[in-house]
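Secondary and tertiary structure notes
Given next are the chains, with one letter for each unit.
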Amino acid sequence: LYTSLNCPFSCEFCNIHTLYGNRQVQFRPLDDIHQELEYIASQGTRNIKIWDELFCCAEARVEAICDFIIAKGYKFNIWAYSRVDTVTPRMLRKMKQAGFNWLAFGFESASGGVRAKARKHFENDMMLGAMIMTRGAGINIMANFMFGLPGDTEDDMKFSYDFACAFNFEYVNFSVALPYPGSAWWDNLPEPKPTDWARFGQFHPNMYGDPKAVRFRDDAFHAYFSRHEYLSMIRTKFGEKAAAHIKEMEEW
């Protein structure tokens, strides 16, 4: 489900604005969203992914959508994308009441210096505050990290990995930072720019990402999901079947 299109922020690595030509967020009419939610519910569907680039960017709209779901009594299981500097305790409580059980945060790096170079402007205390608020509302966190952003060192990457382990997020996405065409990072690359599009794939054997970041990403993935602390948390929160699924994924 889309409730809006575009993102008002300008991260160095993101190329989303190429699709829309600017940073103006286009909000879909609430009546249309209500009709689609009614249709989804009528089909017996419970699990919903909200595809907005940044769902939590206008608190009043988020609350209006949540109020509709709550008033209808729908029992959805929803996840969406957010930023640490756009959530509030009131918003998160309302989202949980409406069935939002997962929020994906783009932390990208635990290093403030790396984030600053990538124009991902928020401080670590804001990250911590958002995590406390989100967990306090009973919402699980899907934490997104990139390895190999401009200026990223192996120490920075390890700091991000250790940060993820310390907070034992319910899920993490570790990816290799790439200068995707249309991003400011791509625009600032010297000529000739890379044009073998297949090599922008996250698992291409000769991808454009920093080889050190690729190795670190692969090792971090295996290490994170095989940790005793992580699997114990998964068993406690989601049951043995979920832990077995994670172990099967990690082995594969």
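Parameters at a glance
Residues numbered from 1 in each chain as written. Predicted model: local features only at pLDDT ≥ 70, side-chain atom pairs only at ≥ 80, totals over all residues. Heavy atoms only, no water. Axes fitted to C-alpha atoms, helices over the stretch in contact; angles between N-to-C directions. Helix = DSSP H or I, 4+ residues; strand = E, 2+ residues; numbered from the N terminus. Left-handed = near helix turned anticlockwise from the far one by under 90°. Contact = heavy atoms within 4.5 Å. Nonpolar A, V, L, I, M, F, W, Y, C, P; charged D, E, K, R; others polar. Salt bridge = Lys/Arg side-chain N within 4 Å of Asp/Glu carboxyl O. Buried < 20%, exposed > 50% of the residue type's maximum accessible area, 1.4 Å probe, protein only. Polar contact = N/O pair within 3.5 Å; in protein donor to acceptor, adjacent residues only side chain to side chain. Core = buried A, V, L, I, M, F, W, Y, C linked by side-chain atoms within 4.5 Å. Pairing = 2+ DSSP bridges. Phe/Tyr/Trp six-rings, centres within 6.5 Å; stacked < 30°, edge-to-face > 60°. Lys NZ or Arg CZ within 6 Å of the ring centre and 35° of its normal.

**Details of the packing of helix α2 (residues 30-42) against helix α3 (residues 59-72)**
Packing of α2 against α3 leaves a shortest axis separation of 11 Å and a crossing angle of 35 degrees. For the pair α2 and α3, the sense of crossing is right-handed. Taken together, the residues of α3 that come into contact with α2 (itself represented by Leu30, Ile33, His34, Leu37 and Glu38) are Arg61, Ala64, Ile65, Phe68, Ile69 and Lys72. A breakdown of the residues in the contact of α2 with α3 according to their chemical character gives seven nonpolar, one polar and three charged.

**With respect to the pattern of salt bridges**
Inspection of the entire model under this criterion finds 15 salt bridges. Residue glutamate 191 is joined to lysine 193 by a salt bridge in which the shortest nitrogen-to-oxygen separation is 4.0 Å. A relative accessible area of 65% places glutamate 191 in the exposed class. One salt bridge connects glutamate 240 with arginine 235, and the closest N-O pair in it is separated by 3.1 Å. Through salt bridges with shared partners, a single ionic network connects Glu63, Asp67, Arg90 and Lys94.

**A short note on the side chain of glutamate 170**
Considering the arrangement of structural elements, one finds glutamate 170 in the loop between α7 (154-167) and β7 (171-176). In terms of polar contacts, glutamate 170 uses its side chain to reach the backbone amide nitrogen of isoleucine 141, at 3.1 Å.

**Let's talk about the environment of cysteine 66**
As for its placement among the helices and strands, cysteine 66 is situated in helix α3. Looking at cysteine 66, the relative accessible area reads 0%, which means it is buried. With 33 residues separating them along the chain, cysteine 66 and glycine 99 place their C-alpha atoms 8.4 Å apart. Dropping the residues within four chain positions of it, cysteine 66 is found in contact with Lys94, Met95, Ala98 and Phe100.

**Some thoughts on the nonpolar core**
Nonpolar side chains tend toward joint burial in soluble globular proteins. One finds Met95, Phe107, Phe169 and Tyr224 to be the most contacted residues of the largest nonpolar core, which totals 63 residues. Top contributing element to this core by residue count: helix α9 (residues 211-225), with six residues. Setting aside its immediate chain neighbours within four residues, methionine 95 contacts Phe55, Cys56, Val62, Cys66, Phe100, Leu103 and Ile139. Phe13, Ala118, Met146 and Leu149 belong to the second-largest nonpolar core, a separate cluster that totals eight residues.

**What to know about the sheet that holds strand β6 (residues 140-147)**
With parallel pairing, the five strands of this open sheet are ordered in space as β3-β4-β5-β6-β7. Of all strands in the sheet, those bounded by a partner on one side alone are β3 (47-49) and β7. Neighbour-to-neighbour, the strand axes of this sheet turn through a mean angle of 20 degrees, independent of strand direction. Pairing of strand β4 (residues 77-82) with strand β5 (residues 100-108) involves five bridges; the strand directions are parallel. When the bridges of β5 are listed, alanine 80 appears paired with leucine 103. Across the sheet, α9 is in contact with β6 and β7; its angle to β7 comes to roughly 165 degrees.

**Description of the packing of aromatic side chains**
Per the counting criterion, the structure on display carries 29 aromatic pairs. When the centroid spacing of 6.0 Å and the interplanar angle of 70 degrees are considered together, the rings of phenylalanine 107 and phenylalanine 163 count as edge-to-face. Within this pair, whereas phenylalanine 107 is found in strand β5, its partner phenylalanine 163 is found in helix α7, the two being separated by 56 residues in sequence. Classification of phenylalanine 163 by relative accessible area gives buried; the value is 9%. The positively charged end of arginine 83 is found above the aromatic ring belonging to phenylalanine 9, 3.6 Å away from the centroid.

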